[in-house]
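Descriptive structure summary
Listed below are the residues making up each chain.
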Amino acid sequence: MSNPVLVCLFRGIDAYETLAGVLEGLTQCREKLTTSGSLPQAVMALTPEVTFRQAILFFTEADFVAGKTCCYYLYHSLQSLCFSFSVGESWRGRAESLFAYLHTGAQVLCTVLLIKPRVWSQNLARILRNLDLEKFTLVGMKHVDLEPALALGLLPAEVKQDPAALEAHCTYLTSGTALVLCLQRPNAVKKLVDLLGPEDPELAQAVDPCLWRAQYGTNTVHNGFYGSKSYQMAVRDMKLFFPEGLCCANCQTLEEEEV
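This is a predicted model, so every value here is computed, not measured. (Residues numbered from 1 in each chain as written. Predicted model: local features only at pLDDT ≥ 70, side-chain atom pairs only at ≥ 80, totals over all residues. Heavy atoms only, no water.)

1. Structural notes on the pairing of strand β5 (residues 108-115)
Most of β5 sits inside the fold, with seven of its eight residues counted as buried. Sheet topology note: the β5/strand β7 (residues 178-186) ladder contains eight bridges and is antiparallel. For Leu-109, the partnering residue across the bridge sits in β7 and is Arg-185. Relative to strand β8 (residues 225-227), β5 runs antiparallel, the two sharing three bridges. What sits directly across from Leu-114, in β8, is Tyr-226. (Buried < 20%, exposed > 50% of the residue type's maximum accessible area, 1.4 Å probe, protein only. Helix = DSSP H or I, 4+ residues; strand = E, 2+ residues; numbered from the N terminus. Pairing = 2+ DSSP bridges.)

2. Description of the sheet that holds β7
With respect to topology, four strands assemble into an open sheet ordered β6-β7-β5-β8, the strand pairing being antiparallel. Edge positions in the sheet fall to β6 (137-144) and β8, since each of these pairs with one other strand and no more. The sheet shows a mean angle of 20 degrees between the axes of neighbouring strands, direction not considered. Packing of helix α4 (residues 119-133) onto the sheet brings it into contact with β5, β6, β7 and β8, and relative to β7 it is tilted by some 10 degrees. Contacts from helix α11 (residues 231-241) reach β5, β6, β7 and β8, with the element oriented near 65 degrees to β5. (Axes fitted to C-alpha atoms, helices over the stretch in contact; angles between N-to-C directions. Contact = heavy atoms within 4.5 Å.)

3. Details of the confidence of the model for the protein chain
If pLDDT is low for a region, its predicted coordinates should not be looked at in detail. Across the protein chain, the average pLDDT comes to 78, with 71% of residues at 70 or higher. Strand β3 (residues 71-75) is the least confidently modelled element of the protein chain, averaging 30 in pLDDT, while β8 averages 97, the highest of any element. In this model residues 66-95 is a low-confidence stretch, pLDDT under 50, and it forms 107 contacts with partners more than four residues away in sequence or in other chains. (pLDDT = per-residue confidence, 0-100.)

4. Let's talk about the side chain of His-169
Looking at the element boundaries, His-169 is found in helix α7 (residues 163-173). In this structure His-169 touches Leu-155, Val-159, Thr-220 and Val-221, once residues within four positions along its chain are discounted.

5. Description of the packing of aromatic side chains
As enumerated under the stated definition, the model contains two aromatic pairs in all. Summarising the aromatic geometry, the rings of Trp-212 and Phe-225 are spaced 5.9 Å apart at their centres and angled 50 degrees between planes, so their arrangement reads as tilted. Here Trp-212 is found in helix α10 (residues 212-216), whereas its partner Phe-225 is found in strand β8, with 13 residues between them in sequence. Both residues of the pair, Trp-212 and Phe-225, count as buried. Between Tyr-216 and Phe-225, the aromatic rings sit 5.5 Å apart at their centres with planes inclined by 85 degrees, giving edge-to-face as the arrangement. For Tyr-216, a relative accessible area of 10% puts it in the buried group. By relative accessible area, which is 1% here, Phe-225 ends up buried. Between the NZ or CZ atom of Arg-185 and the centre of the ring of Phe-136, over which it lies, the distance is 5.5 Å. (Phe/Tyr/Trp six-rings, centres within 6.5 Å; stacked < 30°, edge-to-face > 60°. Lys NZ or Arg CZ within 6 Å of the ring centre and 35° of its normal.)

6. Thoughts on unusual backbone geometry
The backbone of Lys-135 sits at a positive phi, close to 70 degrees, despite the residue not being glycine. In this fold, Lys-135 is placed in the loop between α4 and β6. The backbone of Asn-187 sits at a positive phi, close to 50 degrees, despite the residue not being glycine. Locating Asn-187 in the fold gives a position in the loop between β7 and α8 (188-196). Take Asn-187: its relative accessible area is 19%, and that puts it in the buried class.

7. Some points on the pattern of salt bridges
Side chains carrying opposite charge are able to pair once their charged atoms draw close together. This structure, assessed with the given rule, holds six salt bridges. Across the pair Lys-191 and Glu-134 runs a salt bridge whose closest N-O atoms are separated by 3.2 Å. Placement of Lys-191 in helix α8 and of Glu-134 in the loop between α4 and β6 is noted, with a sequence separation of 57 residues between them. Overall, the relative accessible area of 26% leaves Lys-191 in the partly exposed class. Its relative accessible area of 23% is what places Glu-134 among the partly exposed residues. In this structure, Glu-244 engages Lys-142 in a salt bridge whose closest nitrogen and oxygen atoms are separated by 3.2 Å. On the criterion of sequence distance, the pair formed by Glu-244 in the loop between α11 and α12 (252-256) and Lys-142 in strand β6 is long-range, its members being 102 residues apart. (Salt bridge = Lys/Arg side-chain N within 4 Å of Asp/Glu carboxyl O.)

8. Remarks on the nonpolar core
Nonpolar side chains in soluble globular proteins tend to be buried together. One finds Leu-113, Ile-115, Trp-212 and Phe-241 to be the most contacted residues of the largest nonpolar core, which totals 44 residues. Residues Val-7, Leu-9, Ala-55 and Phe-59 belong to the second largest nonpolar core, which totals five residues. (Core = buried A, V, L, I, M, F, W, Y, C linked by side-chain atoms within 4.5 Å.)

Okay, structure coming up:
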């Protein structure tokens with residue numbers, strides 16, 4: 001009881017699996033340290049039920065303050081470091097009940113899928129069927145002829161650092177009409193990213209031939225799809241492609257993001 005400890009409560013998609021990976025990395029780092037170095041002993045909750053039981057020992061409902069970042073509190077009278085994770089996308093604009101949150105389940109979110117030129121015109125029926133099978137709801141759809149500046153904004157940072165790759169991507173994206181879909185379902189952003197797979201169709205093929213880029217893509221330029229890679233990017237993409245609004249029912253998440 002002579003040493004202070006840090007108690008953290010986080011929220012995140014696949015939080016338990018992600019934290020387990022982080023702690024494994026810390027263990028490997030500890031093994032490489034000299035005897036003069038040290039890392040804290042870490043203990044994590046393994047289930048939502050254990051998370052709830054541990055969290056109510058350290059926090060009150062008044063401690064949960066709104067914010068866009070993780071929340072942490074320092075306690076001086078505990079003997080171990082306890083990381084407690086719960087599942088979610090972002091902090092709401094108010095304090096809320098941890099117990100209610102843990103039992104709410106995945107939030108219904110929106111994400112954006114751009115089907116690149118010539119891919120959608122040949123495969124639209126099949127793509128829409130696959131989206132339906134994956135429980136996505138279509139809440140926005142439009143044809144878009146991308147301007148170079150808009151195409152540039154969709155490209156990852158590593159592509160922008162290679163002039164030849166940048167020119168190839170921009171030339172292709174502006175070569176014809178793309179189809180933009182706004183999709184809604186629980187954990188929509190991560191689900192879509194998982195379905196699309198790696199940007200390189202050859203790598204996607206090696207990982208899983210059923211990944212969409214493995215099925216519809218031929219190379220890193222002609223890889224079939226652009227999908228929002230994070231919730232923040234999804235909000236940006238919705239505002240960019242659907243400034244007139246969406247045809248889904250109003251929900252608190254979209255209202256808070258002013259979409």
